[in-house]
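Residue-level structure breakdown
Now for the letters of each chain:
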Amino acid sequence: MAKTKEREVYRGRLKGVGLRHTLPRERILAYLDRKNIHPTPEELYQGLKKKGYAIGLSTVYLNLQVLRDAGLLWEFKDQQGNTRYDGFTEKHHHLFCLNCGKIEDVLTKDLPEFNAEPIQKAIESRMGWFVEDPRLELRGFCPDCQ
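Figured I'd write up the structure that's included with this text.

Rules behind the numbers
Every chain begins its residue count from 1, and numbering advances along the sequence as written. A pLDDT threshold of at least 70 governs which residues receive local features in this predicted model, and a stricter bar of 80 or more applies before side-chain atom pairs are shown or counted, although totals over entire chains, interfaces and linings include all residues. Processing note: side-chain calculations cover all non-hydrogen atoms of the structure and skip hydrogens and water entirely. Note on exposure labels: buried denotes an accessible area under 20% of the residue type's maximum, exposed denotes more than 50%, and partly exposed covers the range between, all computed with a 1.4 Å probe on protein chains only. Numbering of helices and strands runs from the N terminus, with a helix taken as a DSSP run of H or I at least four residues long and a strand as a DSSP run of E at least two residues long. In this description, the arc belongs to the directions extending from the helix axis to the C-beta atoms. Whether two residues are in contact is decided by their heavy atoms: any pair within 4.5 Å suffices. We count a salt bridge whenever a side-chain nitrogen from Lys or Arg sits within 4 Å of a carboxyl oxygen from Asp or Glu.

1. Here's the deal with helix 3 (residues 41-50)
- Regarding helix 3, the residues found buried are Pro41, Leu44, Tyr45, Gly47 and Leu48. The buried residues of helix 3 occupy one face: seen down the axis, they fall within an arc of 165 degrees.
- Taken together, the buried residues of helix 3 touch helix 2 (23-32), helix 4 (57-69) and strand 2 (83-86).
- Note on helix 3: the residue one or two positions beyond its end, Gly52, has a positive phi of about 90 degrees.

2. Quick notes on the pattern of salt bridges
- Under the counting rule described, the total for this entry stands at 11 salt bridges.
- In this structure, the salt-bridge partner of Asp69 is Arg68, at a minimum N-O distance of 2.9 Å.
- A salt bridge links Glu104 to Lys102; the nearest nitrogen and oxygen atoms lie 3.4 Å apart.
- Taking the relative accessible area as the measure of exposure, Lys102 reaches 37% and is therefore partly exposed.
- Here the salt bridges do not stand alone but share partners, grouping Glu43, Asp78 and Arg84 into one network.

Right under this line is the structure:
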């Protein structure tokens, strides 16, 4: 279980988006609130069970949807089409290994040359879309697979 200070942080994040604090939500946020953690719902469920938390798979799925809809998690598909979740809230992009499937975060601040604004404006003006959150996805081979 999260420490008192951490619990207050999660309570505040939930309250900030109008959600009630519950232990499953706190535990899911705490599990996902780390860099380079991108589990499927089943992997998240197994990870929480290994920590000794009594939680059901349906509870994990339900709370992932609620937290995603509230903007506290990011949902994306990996190269195999599996739905994965990311709770790391600092602006970042993803590296995907085409061989082993590893997913790694790349912080936006570590890419000073990357400016998504011109791309965003071009998409919006040419295609009429409103791009709320542009993200870069890089695919290649991790050091272990090169």
